[in-house]
Structure formats: structure tokens, C-alpha cells
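Residues per chain, in single letters:
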Amino acid sequence: MVEANGIELTEQEAELYDRQIRLWGLDSQKRLRAARILIAGLNGLGAEIAKNIILSGVKAVTLLDDQLVKESDFCSQFLAPQTALGTNRAEASLGRAQHLNPMVELKADTDKLADKADDYFKGFDVVCIIGAPTEQLVRIDGVCRSANVKFFAADLWGMFGFSFADLQEHNFAEDVVKHKIISKPHEKTKTELVTSTVKRTLSYPAYQAVLDFDFTAQSYARKLKRSGPALPLLRVLQKFRDVEGRDPLYTERDAELEKLRKIRDEIAPELVPDSALVHVFAQISPAAAIVGGAVAHEIIKTVSQKEAPHHNVFLFDPESCCGFIESMGVADA
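Residues numbered from 1 in each chain as written. Predicted model: local features only at pLDDT ≥ 70, side-chain atom pairs only at ≥ 80, totals over all residues. Heavy atoms only, no water.

Caption draft 1: Region of the structure containing the overall build of the protein chain. Assigned secondary structure in the protein chain consists of 13 helices and 13 strands. The C-alpha atoms of the protein chain give 21 Å as radius of gyration, which agrees with the globular expectation for 333 residues (20 Å, within 12%). If one aligns the C-alpha atoms of the protein chain with their principal axes, the spans along those axes are about 75 × 50 × 35 Å. Residues counted as buried form 49% of the 333 residues belonging to the protein chain. Nonlocal contacts in the protein chain, meaning residues at least 24 apart in sequence, comprise 62% of its contacts between residues at least 6 apart. Summed over all atoms, the accessible surface of the protein chain reaches about 16,000 Å², with 51% contributed by carbon and sulfur. For the protein chain, the centre of its 40 positive side-chain charges and the centre of its 48 negative side-chain charges are spaced 6 Å apart. (Helix = DSSP H or I, 4+ residues; strand = E, 2+ residues; numbered from the N terminus. Rg over C-alpha atoms; globule rule 2.2 N^0.38 Å. Buried < 20%, exposed > 50% of the residue type's maximum accessible area, 1.4 Å probe, protein only. Contact = heavy atoms within 4.5 Å. Areas by Shrake-Rupley, 256 points an atom, 1.4 Å probe, with all protein chains shown as cover. Lys, Arg positive; Asp, Glu negative; His and termini not counted. Charge placed at Lys NZ, Arg CZ, Asp CG, Glu CD.)

So, in C-alpha cells, the structure goes:
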């Protein structure tokens, strides 16, 4: 039995998580061992996030999804077997998810996200919402802020991915490497690398900061050269979901593109080229793996309090196949 600050790891757990303990330390692993995570939305992106979180060795993961398994899920949702077609997506994902790590407590919840009372979200340490309308993201983030629960929102449209983190006041430890002079006086200068751990705090805003961000400002024009149209594209896709109650359908591609262009012309004229809209249908497995891995890594860093999390928006651009970070309404505490 291995114990640290009241959290005990069995010998079996210590052996299973040996590489992780060596990487980020026993204290970080024991924080993971105590964490309860909610993942709402078990599409391809949700499956990737769930996989990495479960493998990290948290205490419990709840999979929340009221949708049924569709044939389109099999492009990226590897947790639901093809024999589960037409059944609830969270329940269908439970078996394979449990096989990833039998030591993690797993639960499937088939209720609708919108039907969940505010108190439901207060029972978790981290809440990760995938594929939700803006109204629910704002509501749940507000609940999480009031209860000091870490909040993540994530999405994937085709090959365009996004995540947002609201960690409120987040404390973490960061390793800082510096050169130390070890040579004696009058000798040729010799140095060695010395690593020290520094405690830091970052302040994060609510999800409303994403909605309030003015991407039409002249100052944003300079960012377009580096990041492309990702931010206004995100607003277009979220508006489509809020209006239509779903994401664009590949089976009606021409009609859906026309709707997307109309929304684009209303809220982001001349900022999103037509070429950026053709990559936003269905969920592509490689993109789900990239974005899901990035989101899960941020959740693990947040729970373990090891290294600085993204501060505070991650975007994966399909045209450049690059991910980048944007800071919206954030400041060092």
C-alpha cells in the first residue's frame, strides 16, 4: 500500500500507474485518483476524451448521453460496438470503456443534458461538455463557477476542433529550468541545468468571454494571418447548432453549406472563406484523436495541478492542420 496525503494507492495501482508517477509524481497521481469526472456527449470526440481520462487513473467517470448509436458514429466513436446500433450511446460505450481500466468507477447516464438540475454538476471535480448548445454551456459553466468545479467545453465539426477551459482561480506547480554557474572564479564559465518547482495561480473567465470576444475588431485582423478564420468559424458553427438544433448534415451538404454561408454573412462577413466551410461535416477519426487528446491532457493537468493548463481556448484549424491557443478575457492572478 502506498499513501500520500491521505490518499492510498494499492500495490496494484502503484504498479499500473508507475510510469505516470515517475512522470508527474505521486502527489499528482493521488489527486487524479480522487477525481470524479463528468463527460457529457459520447460522440467520437467524447470517446477520445473518455479513453484518455480513464487510462490516467481517476476515481470515477460518468458518461452522460441521451443519443442513440447511429451508423455515422462508427467513423470515430470506437467505444460503441457496431452491434449496439440503435441503443443508447453512453450505455453502449460502457463495456469497452471499463476494459480500458477496471480500477476506474464508470457509470452511464442516459438523461438529457438540459434536463439535469444545477445540483447534478456540483457532484464532480471536472465537468466536460461536448456538443451542447450555447444556452446550456453558459448555464452549466455558471453552476460550475458557483461550486468551484472545473469546466471544459469541447467540440468537433468535421476536422475543426475547439475547447474552452474555465478553471476559475487555478493553482498549479510548474517546473522551471535555469542555468546555474558551477565554475570557480577565473575559470572558463561552466553551467549546468537546475530544475526548480514554482507555484503559480491563473485566473480564468466564464464561457461568456468567448461570446463577447470581438473578432471583427481591427486588432483581430493581425491574428487572422496566424490563426486563420478559426474563431469566427467557431461562432458560425455554434450559431448553426443553436438555430437548427443539430450540426450540419453531410447527407444534405449543399443545402447545409447554403445555411452556413448565410450565417457567416450575418455575423462574420469576409472573415470565413467558403473553403473553410467544407471541412465541418461529420466527425473525422484523426481529428477526434488530436482534439480529444489535447482536451484530455488539459483535464489531467488541471486535476493533477502539474504544469500550466491552456489559457484558455484551444482551436484546431482544418486548413493548416495546426492547433493554437487564444487567450480571451484572462489575466494572471
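The rest of the description comes next.
Caption draft 2: Spotlight on the domain arrangement of the protein chain. Each domain of the protein chain was delimited in the assignment, giving domain 1 (11-168 + 285-326), domain 2 (170-201) and domain 3 (215-278). Listed by partner, the interface residues are 15 residues for domain 1 and 15 residues for domain 3. Each partner contributes to the roughly 1,400 Å² buried at the junction of domain 1 and domain 3, and carbon and sulfur atoms together form 59% of this total. Here domain 1 and domain 3 share one salt bridge between them. With its nearest N and O atoms 2.8 Å apart, the salt bridge here joins Asp155 to Arg241. Put simply, domain 1 and domain 3 have five residue pairs in polar contact (both at pLDDT 80 or more) between them. Elements with a minimum of two residues in the side of domain 1 that touches domain 3: α7 (134-147), β7 (150-157), β8 (160-166), β11 (313-317) and β12 (322-326). Per-element accounting of the side of domain 1 that touches domain 3 gives the leading share, three residues, to β12. A breakdown of the residues in the side of domain 1 that touches domain 3 according to their chemical character gives nine nonpolar, two polar and four charged. (Domains from an automatic or database assignment. Buried area = accessible area lost by both parts, 1.4 Å probe. Salt bridge = Lys/Arg side-chain N within 4 Å of Asp/Glu carboxyl O. Polar contact = N/O pair within 3.5 Å; in protein donor to acceptor, adjacent residues only side chain to side chain. Nonpolar A, V, L, I, M, F, W, Y, C, P; charged D, E, K, R; others polar.)

Caption draft 3: Local environment of the sheet that holds strand β4 (residues 60-64). The eight strands lie next to each other as β5-β4-β3-β6-β7-β8-β11-β12, forming an open sheet whose pairing is mixed. Edge positions in the open sheet fall to β5 (105-109) and β12, since each of these has one partner strand only. Across the sheet, the mean angle from the axis of one strand to that of its neighbour is 15°, orientation sign disregarded. Sheet topology places β11 next to β12; five bridges connect them, and they run antiparallel. Residue pairing for β12: Leu315 is matched across the bridge by Phe324. Along the sheet, helix α5 (residues 89-100) contacts β4 and β5; its crossing angle with β5, the most-contacted strand, is approximately 165°. (Pairing = 2+ DSSP bridges. Axes fitted to C-alpha atoms, helices over the stretch in contact; angles between N-to-C directions.)

Caption draft 4: Representation of the packing of aromatic side chains in the model. Overall, the coordinates contain five aromatic pairs when judged by the stated rule. The interplanar angle of 85° and the centroid separation of 5.3 Å between the aromatic rings of Phe164 and Tyr207 together place this pair among those described as edge-to-face. Linking Phe164 in strand β8 with Tyr207 in the loop between β10 (191-203) and α8 (208-212), this pair joins segments that are 43 residues apart in sequence. Ring geometry for Tyr250 versus Phe281: centroids 6.1 Å apart, planes at 75°, classification edge-to-face. You can see Tyr250 sitting in the loop between α10 (230-244) and α11 (253-267) and its partner Phe281 sitting in the loop between α12 (274-277) and α13 (285-304), a full 31 residues away along the chain. When its relative accessible area of 57% is taken as the criterion, Tyr250 is described as exposed. A network of ring pairs unites the aromatic residues Tyr120, Phe121 and Phe124 as a single cluster. Between the NZ or CZ atom of Lys116 and the centre of the ring of Tyr120, over which it lies, the distance is 4.1 Å. (Phe/Tyr/Trp six-rings, centres within 6.5 Å; stacked < 30°, edge-to-face > 60°. Lys NZ or Arg CZ within 6 Å of the ring centre and 35° of its normal.)

Caption draft 5: Here's a closer look at the packing of helix α3 (residues 26-33) against α13. The interhelical angle for the contact between α3 and α13, taken along N-to-C directions, is 105°, at an axis separation of 8 Å. Here α3 lies roughly perpendicular to α13, going by the angle between them. Contact residues: Ser28, Arg31 and Leu32 in α3; Ile300, Val303 and Ser304 in α13. Of the residues belonging to the contact of α3 with α13, the class tally is three nonpolar, two polar and one charged. (Parallel < 35°, antiparallel > 145°, perpendicular 65-115°, else oblique.)

Caption draft 6: Quick look at the nonpolar core. Of all hydrophobic cores here, the largest spans 46 residues; its most connected members are Val127, Ile129, Phe151, Leu260 and Leu315. A per-element tally of this core places α10 first, with seven residues. Residue contacts for Phe151: discarding those within four places in its chain leaves Val127, Ile129, Leu137, Ile140, Asp141, Cys144, Phe164, Ala165, Asp166 and Leu167. One finds Leu45, Val104, Ala154 and Ala287 within the second-largest nonpolar core, a separate group that totals 42 residues. (Core = buried A, V, L, I, M, F, W, Y, C linked by side-chain atoms within 4.5 Å.)

Caption draft 7: Representation of the side chain of Lys301. Here Lys301 is to be found in helix α13. One polar contact links the side chain of Lys301 to the main-chain carbonyl oxygen of Ala308, over a distance of 3.0 Å. Once residues within four sequence positions are removed from consideration, Lys301 is found in contact with His170, Lys306, Glu307, Ala308, Pro309 and His310.

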